[in-house]
Amino acid sequence: MKINLNYYKPEQDFKEIGEEYQEVLDRVENCAKEDFSKTLDSKAKIKNVLALSDVRENILNWYEFKKDATILELNANYGEITGMLCKNAKKVISIETSKKYATIIEKRHKNKENLELIVGNYPNIELKEKFDYIVIIGIAENLKNAIEYAKKYLKEDGTILLAVNNKFGVKAWITMNENANVLNNTKIAISRNELENILQGMNYKYYYPLPDYKLPNIIYTEKNMPTIANIYRDLTYKDENINFKEVDTYYEIIKNNKEDFKIFANSFLLEISNKKIEENDIKFIAFSNIRKDEYRIKTIVKQENVEKTAVNEKSIKHIEKVKKNIEILNNLGIKTLDTYENEKIISKYVNVETLEDKLIKTYKEQGKEQFLNQIERYREFLKEKLQITNEIDKNIFTKYKVECDEELTNKLTFVKYGLWDLIFQNCFVIDNEWYFYDQEWQEENLPVEYILYRAILYSHESKKYISDEELFESLNISEFIPIFKNLDDKLQEKIRKPLVWNLHSKEEIGNNKYLKVRKELKEKETELENLKTQIENLKNENMQKNNELTVVKSSLSWRITKPLRAIRRIASK
């Protein structure tokens, strides 16, 4: 790494040094390797996480940079994504205004031989070359000047990659108060309209990272905007000013008009160029942030297929484990959309109904009994395919130290191949056959009833029509729920990374009054949906009766006896 102080002027070093600075510096200095996330524990402050977590790299770690690219990075800050840029480029020049921040970048990326760090105010820095990419992350104040500077050093066919907070994002509205009016703070956010005025005459393409550009869990494109069916992810991270679930607000926005999401997205990511932006076939990108490093993958959904790859070297083994699960599915005669190629899990993208969709349709059109019959059919399918076993001395409960008495154990149906994520959402119905995908997890000697429990638990739409408790009761698995919950917690603890998990908002978020009202509202919505279903069924039944009556009236016997019926009516008077 090379550091350049030729442009540094102390009197121009106006960057505020946050309270986290010294702690971040200490962590970087005391970290033997470049794995700075490891210096953060589950109780780390959000500012330290934003400075050091490798989740910050998600904003661009999926982007397909051209081979042997040259990259200019403005506002390198703590060097949160600088290392990732170095991995994807032949040469990187990073500019940072503050010498103190530059000190952290220098210590953090000292082993990057293709990196030059220039300390100084970028408008005063003269460069000798132009770049394939210019990356601008987090600059909202004087963004017009930053764009003009970038255009000066951008190759004719080059691309500016810009990530910035939206002044009118949901997070801005719900964190507003008299001491922190984000809507008027041009230092940290900009509106879409202001942004497009700056970019006049250039070509640009929007992406929408959630919860924001700093810790993206998912990045949407205009080809695939969020819907009310898929908006429920871990989209928010904790903020002391937020007292309700941000995702609920997005739900209502999308429910009203999905196009409005573009106005209220928390952040924007843009590709900007003087040339026409080349189209790619990416629909959206999703990340498994809450997992431990060895299980973290990124999922890129394209027009024709879905690709899952390891985020880091540690998670390559997990991709190999998924490969083995694909082989297990094939050997068991269970149809799957997944294949393994070149260290990637590749699935054919299909736009058909899931098994969850099919079940809900059955409930609405044929009623509860047929709905339950379909789930029973699914249970029998699992028993048949996953190979029932009597070798349960070392079952899943003993492995994870979950207390389960012998009487309950004997009532359960254990299978050799416990693919415990065979949920309804992970199954497509194609030509009346079940095709599964996204099977990352497998445990031996696991109960079929537990797989069924998870399938119901993660079937969000069905809850509008029938409660989980009623389903568990109807399927005779209610008595197992306490041990299943315990087992599920153990499995999730094995996978989850406490640091990131604790950042995200949980169900307890907000005050009790709000939660109570929200719960009552959900119950009323469910009750209303059930009544609508009953009304629809009665309408269909009434229509059927009317059709039968029409047939009777048109029959010969009905016409012949018409005079007799008239005489009866007169006589009865």
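Structure first, text after, so check above.
Now for a quick tour of the structure. Keep in mind the model is a prediction, meaning the values are calculated, not measured.

## Considerations on the nonpolar core
Nonpolar side chains in soluble globular proteins generally cluster together in the buried interior. One finds Tyr378, Leu386, Phe397 and Phe484 to be the most contacted residues of the largest nonpolar core, which totals 56 residues. Of the residues forming this core, the biggest block, seven residues, is contributed by helix α15 (residues 448-457).

## Observations regarding the pattern of salt bridges
Where side chains of opposite charge bring their charged atoms close, a pairing between them can arise. Here the structure, examined in full by the defined rule, presents 38 salt bridges. Here aspartate 132 and lysine 66 are joined by a salt bridge, their closest N and O atoms 3.8 Å apart. A residue pair is termed long-range when its members are at least 10 positions apart, and aspartate 132 in strand β5 (residues 131-137) and lysine 66 in the loop between α2 (46-52) and β2 (70-74) qualify at 66 residues. Residue class for aspartate 132 comes out buried when judged on its relative accessible area of 7%. Put simply, aspartate 438 and lysine 308 hold a salt bridge, and the shortest N to O gap is 3.1 Å. Of the two residues, aspartate 438 sits in the loop between β18 (433-436) and β19 (446-447) while lysine 308 sits in strand β13 (residues 305-310), which places them 130 residues apart along the sequence. You'll find aspartate 438 and lysine 308 in the same group, each marked buried.

## With respect to the packing of aromatic side chains
Inspection of the entire model under this criterion finds 35 aromatic pairs. Arranged with centres 4.4 Å apart and planes meeting at 20°, the rings of tyrosine 78 and tyrosine 101 form a pair that is stacked. Of this pair, tyrosine 78 sits in the loop between β2 and α3 (82-87) while tyrosine 101 sits in helix α4 (residues 99-108), and the two are 23 residues apart along the sequence. Measuring from centroid to centroid gives 5.5 Å for tyrosine 206 and phenylalanine 268, while their planes differ by 75°, and the two rings are edge-to-face. Remark: phenylalanine 268 occurs in strand β10 (residues 267-273) and tyrosine 206 occurs in strand β8 (residues 203-210); sequence separation between them is 62 residues. Of the two residues, tyrosine 206 and phenylalanine 268, both sit in the buried class.

## Notes on the side chain of aspartate 488
Looking at where aspartate 488 falls in the secondary structure, it is placed in helix α17 (residues 481-495). Overall, the relative accessible area of 6% leaves aspartate 488 in the buried class.

## Description of α15
The periodicity of an α-helix, 3.6 residues per turn, causes residues three or four places apart in sequence to face the same way. Along α15, nine of the 10 residues are buried, which leaves the element largely enclosed by surrounding structure. Residues of α15 that are buried: Val448, Glu449, Tyr450, Ile451, Leu452, Tyr453, Arg454, Ala455 and Ile456.

## Comments concerning the environment of aspartate 281
As for its position among the elements, aspartate 281 is in the loop between β10 and β11 (282-287). Residue classification places aspartate 281 among the partly exposed positions, given a relative accessible area of 32%. For the pair aspartate 281 and glutamate 304, spaced 23 residues apart in sequence, the C-alpha separation works out to 8.1 Å. Look past the residues within four positions of aspartate 281 in its chain and what remains in contact with it is Lys223, Val301, Lys302 and Gln303.

## A few points about the environment of alanine 102
Mapping alanine 102 onto the fold places it in helix α4. Judged by its relative accessible area of 1%, alanine 102 falls in the buried class. Note: C-alpha distance between alanine 102 and isoleucine 118 (16 residues apart in sequence) is 8.4 Å.

## Points about the pairing of strand β3 (residues 91-96)
When you tally the buried positions in β3, you get five out of six residues, the bulk of the element. Across five bridges, β2 lies against β3 in parallel orientation. Residue pairing for β3: glutamate 73 is matched across the bridge by serine 94. Between the parallel elements β2 and β3, the chain passes through α3 in a crossover that is right-handed. On the question of chirality, the crossover connecting β3 to the parallel strand β4 (residues 115-119) by way of α4 is right-handed.

## Description of unusual backbone geometry
Geometrically, the link from leucine 210 to proline 211 is a cis peptide bond, its omega value of 5° lying close to zero. For proline 211, the location among the structural elements is in the loop between β8 and β9 (218-221). The backbone phi angle of asparagine 77 is positive, close to 60°, even though this residue is not glycine. Within the element layout of this structure, asparagine 77 appears in the loop between β2 and α3. Of note, the phi angle at glutamine 387 is positive, near 70°, even though the residue is not glycine. Mapping glutamine 387 onto the fold places it in the loop between α12 (368-385) and α13 (396-399). Judged by its relative accessible area of 37%, glutamine 387 is partly exposed.

## With respect to the side chain of arginine 379
Counting through the fold element by element, arginine 379 comes out in helix α12. Ignoring anything within four residues of it in the chain, the contact list for arginine 379 reads Val448, Glu449, Leu452, Leu475 and Ile477.

## Focus on the packing of α15 against α17
It is at 11 Å that the axes of α15 and α17 come closest, and there the two elements cross at 80°. Comparing their axes, α17 and α15 come out roughly perpendicular. Counting all contacts with α15, which are made through Glu449, Tyr450, Tyr453, Arg454 and Leu457, the residues of α17 involved are Ile481, Phe484, Lys485, Leu487, Asp488, Leu491 and Gln492. When the residues that make up the contact of α15 with α17 are grouped by side-chain class, the tally is seven nonpolar, one polar and four charged.

## A look at α12
An ideal rise of 1.5 Å per residue puts 26 Å on 18 residues; α12 measures up with 26 Å between its terminal C-alpha atoms. If you check which residues of α12 are buried, you get Phe371, Leu372, Ile375, Tyr378, Arg379, Phe381 and Leu382. The buried residues of α12 all sit within an arc of 165° when viewed along its axis, so they share a single face. In this structure, α12 carries Glu369 and Glu384 as exposed residues pointing more than 90 degrees from its buried face. On the buried face of α12, the contacting elements are α11 (355-366), β16 (414-415), β18, α15 and α16 (468-474). Remark: glutamine 387 follows α12 within two positions and exhibits a positive phi of approximately 70°.

## Comments concerning the packing of helix α1 (residues 21-29) against α4
Where α1 contacts α4, the two axes come as close as 9 Å, and the packing angle between them is 20°. One way to sum up the angle between α1 and α4 is to call them roughly parallel. Taken as a pair, α1 and α4 cross one another with a handedness that is left-handed. In this structure, α1 contributes Tyr21, Val24, Leu25, Val28 and Glu29 to the contact, and α4 contributes Lys100, Tyr101, Thr103, Ile104, Lys107 and Arg108. Its residues placed into classes, the contact of α1 with α4 shows six nonpolar, one polar and four charged.

Definitions and cut-offs
- Residues numbered from 1 in each chain as written.
- Predicted model: local features only at pLDDT ≥ 70, side-chain atom pairs only at ≥ 80, totals over all residues.
- Heavy atoms only, no water.
- Core = buried A, V, L, I, M, F, W, Y, C linked by side-chain atoms within 4.5 Å.
- Buried < 20%, exposed > 50% of the residue type's maximum accessible area, 1.4 Å probe, protein only.
- Helix = DSSP H or I, 4+ residues; strand = E, 2+ residues; numbered from the N terminus.
- Salt bridge = Lys/Arg side-chain N within 4 Å of Asp/Glu carboxyl O.
- Phe/Tyr/Trp six-rings, centres within 6.5 Å; stacked < 30°, edge-to-face > 60°.
- Contact = heavy atoms within 4.5 Å.
- Pairing = 2+ DSSP bridges.
- Right-handed = clockwise from strand over helix to strand, strands pointing away.
- Axes fitted to C-alpha atoms, helices over the stretch in contact; angles between N-to-C directions.
- Parallel < 35°, antiparallel > 145°, perpendicular 65-115°, else oblique.
- Nonpolar A, V, L, I, M, F, W, Y, C, P; charged D, E, K, R; others polar.
- Expected span 1.5 Å × (residues − 1).
- Arc of directions from axis to C-beta.
- Left-handed = near helix turned anticlockwise from the far one by under 90°.

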